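# Reading the structure
In case you want the letters, here they are:
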Amino acid sequence: MSRKSSDHEYNLRSLSNLMGERRKKPNDDSGERSLIKAASSSSINSQATATAASTGDLERAARKQFQEDVTPSFVYVLAGFSALGGFLFGYDTGVVSGVMLLLKKEMNLSALWQELLVSSTVGAAALSALAGGVLNGFWGRRPCILLASFLFSVGAVMLSVAPSKEILLVGRVVVGLGIGVASMTVPVYIAESAPTHLRGRLVTINTLFITGGQLFASVIDGAFSYLPKDGWRYMLGLSLFPAVLQFFGFLFLPESPRWLIQKGKTQKARRVLSQIRGNQNIDEEYDSIKTSIEDEEKESGGDGPVIWRMLTYPPTRRALIVGCGLQMFQQLSGINTVMYYSATILQMSGVKDDKMAIWLAAVTAFTNFTFTLLGVWLVEKVGRRKLSLGSIAGTALSLFVLAVGFLVSAQHSPPITLHPADPSTLNNTCTTYGFCSDCMLNPDCGFCYRLNGSSVVDSSCDHVNKASTGEAAWGRCSNETAMADGTFWAYNYCPTSYSWTVLMGLIMYLIFFAPGMGTMPWTVNSEIYPLWARSTGNACSSGVNWMFNVLVSLTFLHVTEYLTYYGAFFLYSGLAALGFLFIYGCLPETKGKKLEEIESLFENQLCTCGVSDSDEGRHVEYIRVKGSNYHLSDNDASDVE
């Protein structure tokens, strides 16, 4: 049977089901009258008009309901394999939290090398995300995801066998290149392949996989922290398995239909649309995409580099500012400081044992994953705008609580009671501090103390051994034998009973951040650009994300040194508050709109595009009339040819 005839039968069945209630209602009087006399011509005409109008409404409702109820499972398979890129993104950025605690002892890493190993990955990701826009436009989405999988695999092998910190650095750079390409390609590929009513949820699943990767990494960190040596090699090398799985999976998955239509491969695009839409009619969607591409090429001028055309065409310029702003404030809110340095932050708050700090970091990763799952559920119910606003407001509050936790710990910092003279005069500065919190801000100093019950006694600020931060350069905390009498050495933290306030602040932070600001920047950026600018727009916004990621992660330890721990988090709290004002003024609602419709949201001046309450739930429909886009109002007939 032909497609048109089957569609016709489907429409009749749908109308029959939707009109069932009307058919069930008895109307004996009308039946009697029909036997006695014929209805008037005016009555017939009015009934015909009403029937035609209701038929048009019912047909559209039936089509929409059918599309929402019958979503091919292949769409979920496609989204799942795509989101493995998000899992690898999360794993390779999250695993470094526990790795650093082990590496800094085994390889005697300085603070600079720790920051290099963390930030080199995000620096490489920033560069490859920018290059990914060109690659996506030229090669397509599918080859770029295959490239990312290959880079993940090579990087995992290098990291697991690295004999020195220099090879580790190269391996982290290779992984970063894969992360950058995947971070800007996967959301675009899912958004362009997903049906409208599932687009937000499926793109958000990518972020769920990112947080799932971070959770899995933290569990792996905890499990392998018990190995006496080389546990970090297993932590870094296990990412090889999902990378290989994604690579082979994508050998059998199709290219984005929108990219194929843009490149003129129309027959292949129709086959792909049929494959991912199942038995649904693809003609309307195909025509909509094709018309949108033609109009966009006319309106954008068609000449010059894509980024120049985006900047000179007001709607795409405004969309780019909004997309890049979202990604910037995601990073300035401090999320990757929390994820990269969560174990270190917990140690700063007073958790003494490395293994305990790693497992507590796993608790924060679990919180992040759980509330990202909540975001997947909320995105199509609450909408992108409200979810982002509530999230960043709670994030600013949580960072304030985190800062207060560090402030309370600093105010109750143990005093230094002993000031022994340094025989080698390595660093007389350490002996001048009066409190542990002051001593900890100097990376060359550590805190040596004894416990009398829960009280700190016989405490001193001593110079750190350059060969290992796990002991002092001289004196009673200079080796394990000297510390066997109940003396403790603390580097990077002060013993305190207020560490629970910091853990509470971390968990509160992730509860608010994960459902909204953790997911919405990627979801919104996958939607707001027209097709001709989508690759470049996502590349630019991803590049901004990674550049600010580098800025925050590379400077965190130094910021805490100069502004104190609580000062750093007060700073992040203020930046999150600025992000709230930006989102409130500039982010429109894109829930429920076709990708081809969203461009019209940015036709107004920049910070007047936030949707008003009166616009929520309003249905807007675009149809093709004599070669141009025609906007139907809510009261216009929507069955115009």
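Residues numbered from 1 in each chain as written. Predicted model: local features only at pLDDT ≥ 70, side-chain atom pairs only at ≥ 80, totals over all residues. Heavy atoms only, no water.

When helices and strands are counted, the protein chain shows 25 helices and five strands. Across the 641 residues of the protein chain, 53% fall into the buried class. Taking as baseline every contact in the protein chain between residues at least 6 positions apart, the subset at least 24 positions apart corresponds to 77%. Here the protein chain displays about 27,500 Å² of accessible surface, and carbon together with sulfur accounts for 61% of that area. (Helix = DSSP H or I, 4+ residues; strand = E, 2+ residues; numbered from the N terminus. Buried < 20%, exposed > 50% of the residue type's maximum accessible area, 1.4 Å probe, protein only. Contact = heavy atoms within 4.5 Å. Areas by Shrake-Rupley, 256 points an atom, 1.4 Å probe, with all protein chains shown as cover.)

A few words on the state of the cysteines. Under the counting rule described, the total for this entry stands at three disulfides. Disulfide partner of cysteine 430: cysteine 445, at an S-S distance of 1.9 Å. On the S-S bond that ties cysteine 430 to cysteine 445, the torsion sits near -85°, and the link is left-handed. You can see cysteine 430 sitting in the loop between helix H21 (384-411) and helix H22 (436-440) and its partner cysteine 445 sitting in strand E1 (residues 445-452), a full 15 residues away along the chain. (Disulfide = S-S within 2.5 Å.)

Residues Lys263, Lys265, Lys268 and Arg271 make up a contiguous surface patch of positive charge. Counting through the fold element by element, lysine 265 comes out in the loop between helix H13 (257-262) and helix H14 (266-277). For lysine 265, a relative accessible area of 41% corresponds to the partly exposed category. (Patch = residues over 30% accessible without salt bridge, like charges linked within 9 Å, V, L, I, M, F, W, Y side chains within 5 Å. Salt bridge = Lys/Arg side-chain N within 4 Å of Asp/Glu carboxyl O. Lys, Arg positive; Asp, Glu negative; His and termini not counted. Charge placed at Lys NZ, Arg CZ, Asp CG, Glu CD.)

Here we come to the pattern of salt bridges. Overall, the coordinates contain six salt bridges when judged by the stated rule. The closest approach of N and O atoms between glutamate 192 and arginine 534, which form a salt bridge, is 3.1 Å. Of this pair, glutamate 192 sits in helix H9 (residues 165-193) while arginine 534 sits in helix H25 (residues 531-586), and the two are 342 residues apart along the sequence. One exposure class covers both glutamate 192 and arginine 534, and it is buried. Between aspartate 230 and arginine 233 there is a salt bridge, with its nearest N and O atoms 3.4 Å apart. Judged by relative accessible area, aspartate 230 falls into the partly exposed class, the value being 26%.

Another point: the packing of aromatic side chains. For any pair of aromatic rings, geometry is given as the distance between the ring centres together with the angle between the planes. Across all of its chains, the model carries 17 aromatic pairs by this definition. Relative to tyrosine 91, the ring of phenylalanine 87 lies with its centre 6.5 Å away and its plane at 20°, an arrangement referred to as stacked. Of this pair, phenylalanine 87 and tyrosine 91 both sit in helix H5 (residues 73-94), separated by four residues, roughly a single helical turn. In this structure, phenylalanine 87 and tyrosine 91 share a single accessibility class: buried. Taking the centre distance of 5.7 Å and the plane angle of 85° together, the rings of phenylalanine 247 and phenylalanine 248 count as edge-to-face. By relative accessible area, phenylalanine 248 is classed as partly exposed at 48%. Grouping aromatic residues by their ring pairs yields a cluster made of Phe87, Tyr91 and Phe216. A cation over an aromatic ring shows up here: arginine 385 above the ring of tyrosine 584, its NZ or CZ 5.5 Å from the ring centre. (Phe/Tyr/Trp six-rings, centres within 6.5 Å; stacked < 30°, edge-to-face > 60°. Lys NZ or Arg CZ within 6 Å of the ring centre and 35° of its normal.)

Moving on: the sheet that holds strand E2 (residues 455-463). Read across the open sheet, the three strands follow the order E2-E1-E3; overall the sheet is antiparallel. Looking at which strands have only one partner, the edges of the open sheet turn out to be E2 and strand E3 (487-490). Looking at each pair of strands side by side, their axes are set apart by 25° on average, direction ignored. Pairing geometry for E1 and E2, over seven bridges, is antiparallel. Across the sheet, the residue bridging to glycine 446 is aspartate 462, located in E2. (Pairing = 2+ DSSP bridges. Axes fitted to C-alpha atoms, helices over the stretch in contact; angles between N-to-C directions.)

Ranked by size, the top nonpolar core spans 69 residues in total, and within it Val99, Leu103, Phe152, Leu168, Leu202 and Trp546 carry the most contacts. In terms of residues, this core owes the most to one element, H9, which gives nine residues. Membership of the second largest hydrophobic core comes to 58 residues, among which are Leu389, Cys439, Leu510 and Leu557. (Core = buried A, V, L, I, M, F, W, Y, C linked by side-chain atoms within 4.5 Å.)

What follows covers the confidence of the model for the protein chain. Detail in the predicted coordinates should be disregarded across regions flagged by low pLDDT. Counting all residues, the mean pLDDT for the protein chain is 77, and 77% of those residues have values of 70 or more. Confidence drops under pLDDT 50 across residues 1-46; counting only partners more than four residues distant or on other chains, this segment forms 23 contacts. Counting interchain partners and residues more than four positions distant, the pLDDT-below-50 stretch residues 609-641 has 46 contacts. (pLDDT = per-residue confidence, 0-100.)

Next up on the list: the environment of glycine 176. Take glycine 176: it is sitting in helix H9. Each C-alpha atom, one on glycine 176 and one on aspartate 92, is 8.5 Å from the other, the two residues being 84 residues apart in sequence. Not counting chain neighbours up to four residues away, the residues in contact with glycine 176 comprise Thr121, Ala124, Ala125 and Ser128.

Examined against the element boundaries, serine 149 turns out to sit in helix H8 (residues 141-161). Residue class for serine 149 comes out buried when judged on its relative accessible area of 0%. Side chain to side chain, serine 149 and glutamine 246 meet in a polar contact 2.6 Å long. When neighbours within four sequence positions are excluded, serine 149 is seen to be in contact with Ala243, Gln246 and Phe247. (Polar contact = N/O pair within 3.5 Å; in protein donor to acceptor, adjacent residues only side chain to side chain.)

Further remarks concern the packing of helix H7 (residues 111-139) against H9. At their nearest, the axes of H7 and H9 sit 6 Å apart, and the two run at 35° to each other. Considering how the two elements wind past one another, H7 and H9 form a crossing that is right-handed. Residue composition of the contact of H7 with H9, grouped by class: 14 nonpolar, nine polar and three charged. (Left-handed = near helix turned anticlockwise from the far one by under 90°. Nonpolar A, V, L, I, M, F, W, Y, C, P; charged D, E, K, R; others polar.)

On to a nonpolar patch on the surface. On the surface, Val244, Phe248, Leu251 and Phe252 cluster together into a nonpolar patch covering about 410 Å² of accessible area. Tracing the backbone through its elements, the reader meets phenylalanine 248 in helix H12 (residues 240-250).

Let us now look at the environment of glycine 592. Along the polypeptide, glycine 592 turns up in the loop between H25 and strand E4 (621-625). Measuring from C-alpha to C-alpha, the distance between glycine 592 and glycine 383 comes to 8.7 Å, with 209 residues separating the pair along the chain. Those residues within four positions of glycine 592 in sequence are excluded, and the remaining contacts are Thr196 and Glu380.

Attention now moves to the packing of H21 against H25. The interhelical angle for the contact between H21 and H25, taken along N-to-C directions, is 165°, at an axis separation of 8 Å. Judged on the interaxial angle alone, H25 and H21 are roughly antiparallel. For the pair H21 and H25, the sense of crossing is left-handed. (Parallel < 35°, antiparallel > 145°, perpendicular 65-115°, else oblique.)

Take H25 next. The first and last C-alpha atoms of H25 sit only 21 Å apart over 56 residues, clearly below the 82 Å expected at 1.5 Å per residue. Within H25, the axis deviates most sharply at leucine 563, by approximately 110°. (Expected span 1.5 Å × (residues − 1). Bend = angle between axes of the 7 residues up to and from the residue.)

Another point: unusual backbone geometry. With the exception of glycine, the majority of residues adopt a negative phi angle, and the majority of peptide bonds are in the trans configuration. A positive phi is found at aspartate 230, a non-glycine position, where the angle reads about 65°. In this fold, aspartate 230 is placed in the loop between helix H10 (199-224) and helix H11 (231-237). The phi dihedral of aspartate 458 falls on the positive side, at around 45°, and the residue is not glycine. Relative to the assigned elements, aspartate 458 resides in strand E2.

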